[in-house]
Amino acid sequence: MVEKDPFLGGTCLHVGCIPTKVLLHHADVYDHFKNGAELGFEISGLKINWPNILARKDKIVKKHAKGIEFLFKKNKVEWVQGWGRYEGPGRVSVEKDGKKTQIDAANILLVSGSEARALPGIEPDHKTILTNRSILELPEIPKTLIVVGAGAVGVEFASIYNSFGSQVTILEALPRVVPVEDEEISAELDKTFRKKNIGIFTQAMVNSVKKDAKGVTVTFKDKDGKSQTLQAEKLLLAVGRKPMTDNCGLEKSKAKVERGAVHVGPYMETAEKGLYAIGDIVFGLPLLAHAAMMEGISAVTHIAGKPGPAIVKERIPNATYCEPQIGSIGLTEKQARDAGHAVKTGKFPFVGNSKATILGNHGGFIKVVSDEKYGEVLGIHIIGPLATEILAEAAAVLHLEGTVDDMMNMMHAHPTVWEGMGDAFASVRGLQINV
């Protein structure tokens with residue numbers, strides 16, 4: 001295993017999934033403290049110890065990085081530090097400190113990851129204009145924050161800093177927030193964020209970002225074409241990610257590369273026999289750590305000549321950990337209709353779920369998209385309490401090609417947020433009983 005960094009774990013562990021979810025958990029705990037009176041607790045003198053929060057984040061990251069090192073040793077995986085390049089069939093060069101070595105292998109797996117995109121003419125300085133990496137190291141919570149981009153990264157950081165007291169404004173170029181989600185999910189998140197006093201401008205085209213003594217001044221055109229100006233202490237660029245395939249030697253292969261991303265078959269093999277690619281560099285698949293992990297399993301199982309899972313895009317679950325949480329899998333209602341399905345949907349609001357009421361978190365809903373003729377479940381879209389956890393049932397349904405009738409007749413434990421899934425499936429047939 002060739003890795004350029006002096007630590008293991010990559011983007012997910014060090015600057016992605018794990019540190020952001022630590023901050024989101026702390027923000028959730030802080031929200032509970034602020035709501036203490038309603039829960040029957042008298043809390044005085046509540047304040048944020050930001051250095052301690054950052055220290056706990058780093059402690060968790062380091063613990064799991066060491067855990068990967070342990071797993072490497074346990075499973076006799078050799079770690080070679082340096083910059084790896086594909087040098088042709090069966091050959092990889094590794095460069096470190098100006099010295100080059102070569103590794104020969106029958107099969108090669110490329111998993112070089114992605115990095116944050118910038119906007120033309122707006123380069124991050126990692127002090128005022130931030131990326132997903134540098135915002136994790138802010139020495140203090142900013143009073144004001146502008147987030148450019150309302151995908152998963154943008155809405156998660158907007159949620160974190162809104163909870164911690166920042167005045168947050170989101171600028172999104174597309175017509176809605178979380179644009180890859182079902183349209184009803186986007187509308188619900190937009191409504192909830194606005195209630196939390198998060199400013200949102202959709203169809204907003206950023207023209208310029210100027211740094212000054214107070215922070216940044218952003219000029220943009222709103223959806224009506226009018227020029228507007230916003231000022232904030234910090235700005236987060238969350239406008240997507242680009243694959244890191246430069247200087248990896250792909251030009252020496254037959255692999256097809258499009259806009260920096262690599263085309264692969266169902267078992268992650270490129271057009272170059274014996275050269276596989278997984279993770280954020282793969283063309284057409286979502287940039288998600290769990291997708292990369294299963295792609296890796298698919299690739300190495302294929303290399304070993306064993307029967308293994310092919311990757312099906314529509315069966316990759318998507319989890320966004322803002323508050324309210326979003327969990328989704330499969331086709332949106334629009335995608336299902338565009339694909340020619342006779343679509344029947346059902347929706348169950350968490351306001352009818354007793355456990356959600358106990359948690360004091362009963363906004364949002366579960367939406368089921370199904371095929372009308374056979375009742376096959378085509379997609380499930382959740383926004384609300386524990387959405388990323390109850391997504392587990394949704395993923396199982398899609399993976400096993402279940403029907404609405406299979407699921408509405410399955411017994412769900414009470415009282416759980418999860419039992420809302422049963423009502424959601426039943427609602428497709430008009431048989432839900434808790435609303």
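See the structure printed just above.
Residues numbered from 1 in each chain as written. Predicted model: local features only at pLDDT ≥ 70, side-chain atom pairs only at ≥ 80, totals over all residues. Heavy atoms only, no water.

Caption draft 1: The arrangement of the pairing of strand 24 (residues 377-384) in detail. Among the eight residues that make up strand 24, eight are buried, leaving the element largely enclosed by the rest of the structure. Direction of pairing for strand 21 (residues 325-330) relative to strand 24: antiparallel, over a ladder of six bridges. Looking at the pairing, G330 lines up with G379 of strand 24. By the bridge criterion, six bridges tie strand 23 (residues 365-371) to strand 24 in an arrangement that is antiparallel. Looking at the pairing, V368 lines up with I380 of strand 24. With antiparallel pairing between neighbouring strands as the criterion, strand 23 and strand 24 make up a hairpin whose turn holds five residues, including G375 at a positive phi of roughly 75°. (Buried < 20%, exposed > 50% of the residue type's maximum accessible area, 1.4 Å probe, protein only. Helix = DSSP H or I, 4+ residues; strand = E, 2+ residues; numbered from the N terminus. Pairing = 2+ DSSP bridges.)

Caption draft 2: Fine view of the packing of aromatic side chains. A full pass over the atoms with the stated rule returns four aromatic pairs. Considering the side-chain rings of Y30 and F164, the 5.9 Å spacing of their centres and the 35° angle between planes classify their relative orientation as tilted. In this pair, Y30 sits in helix 2 (residues 17-34) while F164 sits in the loop between helix 5 (152-163) and strand 10 (167-172), placing the two residues 134 residues apart along the sequence. Taking relative accessible area as the criterion, F164 reaches 7% and is therefore assigned buried. Plain terms: the ring middles of W50 and F164 are 5.5 Å apart, the flat faces sit at 75° to each other, and that makes the pair edge-to-face. Of this pair, W50 sits in helix 4 (residues 50-74) while F164 sits in the loop between helix 5 and strand 10, placing them 114 residues apart in sequence. Here W50 matches F164 in class, with each residue buried. A cation over a ring is seen here: K347 above F365, with NZ or CZ 4.6 Å from the ring centre. (Phe/Tyr/Trp six-rings, centres within 6.5 Å; stacked < 30°, edge-to-face > 60°. Lys NZ or Arg CZ within 6 Å of the ring centre and 35° of its normal.)

Caption draft 3: Representation of the nonpolar core. I135, V147, Y161, I170, L189, F193 and L236 are the most contacted members of the largest nonpolar core, which totals 36 residues. Going through the elements one at a time, helix 2, helix 4, strand 9 (144-148), helix 5, strand 10 and helix 6 (183-195) are the ones with two or more residues in this core. Tallying contributions element by element places helix 5 first for this core, with five residues. Each residue touching V147, except ones within four places of it in the same chain, is listed here: G154, A158, V168, T169, I170, L171, L236 and A238. Grouped together as the second largest cluster of nonpolar side chains are 25 residues, A319, I366, I380 and A387 included. (Core = buried A, V, L, I, M, F, W, Y, C linked by side-chain atoms within 4.5 Å. Contact = heavy atoms within 4.5 Å.)

Caption draft 4: Seen up close, unusual backbone geometry. For the bond running from E323 to P324, omega is 10°, close enough to zero to count as cis. Its location among the elements puts P324 in the loop between strand 20 (318-320) and strand 21. The omega torsion of the bond from H414 to P415 falls at -5°, within 30 degrees of zero and hence cis. Within the element layout of this structure, P415 appears in the loop between helix 11 (404-408) and helix 12 (420-428). At K76, a residue that is not glycine, the phi angle is positive and equals roughly 60°.

Caption draft 5: Representation of helix 7 (residues 289-303) in the model. Taking 1.5 Å as the rise per residue, helix 7 with 15 residues should run 21 Å; its terminal C-alpha atoms sit 21 Å apart, in good agreement. Within helix 7 the residues assigned to the buried category are A291, A292, E295, G296, S298, A299 and T301. Positioned one or two residues after helix 7, G305 has a phi angle of 75°, which is positive. (Expected span 1.5 Å × (residues − 1).)

Caption draft 6: Geometry of a nonpolar patch on the surface. Taken together, the side chains of V29, F33, L39, F41, I43 and L46 define a hydrophobic patch exposed on the protein surface, amounting to about 510 Å² of accessible area. Tracing the backbone shows F41 in the loop between helix 3 (36-39) and helix 4. On the accessibility criterion, F41 (54% relative accessible area) is exposed. (Patch = residues over 30% accessible without salt bridge, like charges linked within 9 Å, V, L, I, M, F, W, Y side chains within 5 Å. Areas by Shrake-Rupley, 256 points an atom, 1.4 Å probe, with all protein chains shown as cover. Salt bridge = Lys/Arg side-chain N within 4 Å of Asp/Glu carboxyl O.)

Caption draft 7: Quick peek at the pattern of salt bridges. Within this structure, the stated rule accounts for 21 salt bridges. Among the ionic pairs, K21 bridges to E156, the shortest N-O distance being 2.8 Å. In this pair, K21 is assigned in helix 2 and E156 in helix 5, connecting sequence segments 135 residues apart. When salt bridges that share partners are traced, they join D182, E184, E333, R337, K347 and K367 into one network.

Caption draft 8: Looking closely at the packing of helix 2 against helix 4. Between helix 2 and helix 4, the shortest axis-to-axis distance is 9 Å and the interhelical angle comes to 140°. Taken as axis vectors, helix 2 and helix 4 run oblique relative to one another. Our pair here, helix 2 against helix 4, has a crossing hand that is right-handed. Residues I18, P19, V22, L23, H25 and H26 of helix 2 form the contact with helix 4, whose participating residues are W50, I53, R56, K57, I60 and V61. For the contact of helix 2 with helix 4, a count of residues per class yields eight nonpolar, two polar and two charged. (Axes fitted to C-alpha atoms, helices over the stretch in contact; angles between N-to-C directions. Parallel < 35°, antiparallel > 145°, perpendicular 65-115°, else oblique. Left-handed = near helix turned anticlockwise from the far one by under 90°. Nonpolar A, V, L, I, M, F, W, Y, C, P; charged D, E, K, R; others polar.)

Caption draft 9: Structural view of the state of the cysteines. Evaluated as defined, the whole model comprises zero disulfides. Residue C248 stays outside any disulfide, its sulfur separated by 20 Å from that of C12, the closest cysteine. A relative accessible area of 4% means that C248 is categorised as buried. (Disulfide = S-S within 2.5 Å.)

Caption draft 10: Structural view of the sheet that holds strand 14 (residues 227-232). The strand order across the open sheet formed by three strands is 12-13-14, and the pairing between neighbours is antiparallel. Here the strands that pair on one side only, and so sit at the sheet edges, are strand 12 (205-212) and strand 14. The mean inter-strand angle of the sheet, taken between neighbouring strand axes irrespective of direction, is 20°.

Caption draft 11: Region of the structure containing the sheet that holds strand 15 (residues 234-237). Strand order in the open sheet formed by five strands is 8-15-9-10-11, and the pairing between neighbours is parallel. Two strands lie at the open edges of the sheet, namely strand 8 (129-130) and strand 11 (199-202), each paired on one side alone. Strand direction decides the pairing type here: strand 10 and strand 11, joined by four bridges, are parallel. Considered in strand 11, the bridge of T169 is made with G199.

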